[in-house]
Amino acid sequence: MELRSVEELMDLLYACRGTWDAPDPARPSADLHDHALRTAALLRRGRPADKELQVAGLVQPLGELLWPGDPAGRADHTAEAVRALLGERVARLVRRRPRRDVPADDDLLTLRQASEEGRSARFDAGVLEDWRTVLELLAARNSRLGAVD
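A brief look at the structure comes next.

Analysis parameters
- Residues numbered from 1 in each chain as written.
- Predicted model: local features only at pLDDT ≥ 70, side-chain atom pairs only at ≥ 80, totals over all residues.
- Heavy atoms only, no water.
- 1 Å grid on protein atoms, 1.4 Å probe; cavity = no way out; pocket = protein on both sides within 12 Å on 5 of 7 lines; lining within 4 Å.
- Points joined across faces, edges and corners; volume = space filled by probe spheres on them.
- Nonpolar A, V, L, I, M, F, W, Y, C, P; charged D, E, K, R; others polar.
- Core = buried A, V, L, I, M, F, W, Y, C linked by side-chain atoms within 4.5 Å.
- Buried < 20%, exposed > 50% of the residue type's maximum accessible area, 1.4 Å probe, protein only.
- Helix = DSSP H or I, 4+ residues; strand = E, 2+ residues; numbered from the N terminus.
- Contact = heavy atoms within 4.5 Å.
- Expected span 1.5 Å × (residues − 1).

Next up on the list: empty space enclosed by the protein. This structure, assessed with the given rule, holds 1 cavity of 30 Å³ or more. Estimated volume of the largest cavity: approximately 30 Å³. Around the largest cavity, the lining residues are Leu13, Cys16, Leu32, His33, Ala36, Leu37, Leu58 and Leu128. The residue makeup of the lining of the largest cavity, split by class, is 7 nonpolar, 1 polar and no charged.

If you want it as structure tokens, here you go:
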């Protein structure tokens, strides 16, 4: 699967509303939509200029929705789904796995920390529509031949 437009991505993110992640005794369960918004908001607070990092936090929960039966491969699938639309860096961050021969970088550690904090933090993280412009800007920057919906 490859997302071809911001509208497709927004539809999937809206579809996450009311969908809970897989039970895991090591962490609190979270509504995927709320978790995505809180993670992105935390990243926006900590790194206001890094839109790619913020968007990686916003889209990473899509794997739970799209590939619920493949927990081991969902990060890879999600990364491939967003790569063409949002770019290589977002895809690498969504994959959330540093290479074995390279230690985790600061961006990856920041994303992981925000994701974990976003599971339990309770605050108003805004609405998904607040992110449309950021998604459109990233998509325009990463589009093939400038053809973005």
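So, about the nonpolar core. The tendency in soluble globular proteins is for nonpolar side chains to be buried as a group. Leu9, Val55, Leu58, Val59, Leu86, Val90 and Leu135 are the most contacted members of the largest nonpolar core, which has 37 residues in total. Listing elements by their share of this core, those giving two or more residues are helix 1 (6–15), helix 2 (32–46), helix 3 (51–59), helix 5 (74–86), helix 6 (88–95), helix 7 (106–120) and helix 8 (132–142). If you tally residues by element for this core, the top one is helix 2, at 7 residues. Non-local contacts of Leu58, meaning those with residues more than four positions away in its chain, are made with Leu13, Ala36, Leu37, Ala40, Leu128, Trp131 and Leu135.

Counted at 1.5 Å a residue, the expected span for helix 2 with its 15 residues is 21 Å, and the 21 Å between its end C-alpha atoms agrees. Among the 15 residues that make up helix 2, 11 are buried, leaving the element largely enclosed by the rest of the structure. Along helix 2, the residues classified as buried are Leu32, His33, His35, Ala36, Leu37, Arg38, Thr39, Ala40, Ala41, Leu42 and Leu43. The secondary structure elements touched by the buried residues of helix 2 are helix 1, helix 3, helix 4 (62–66) and helix 7.

Distances and angles like these do not, on their own, reveal function.
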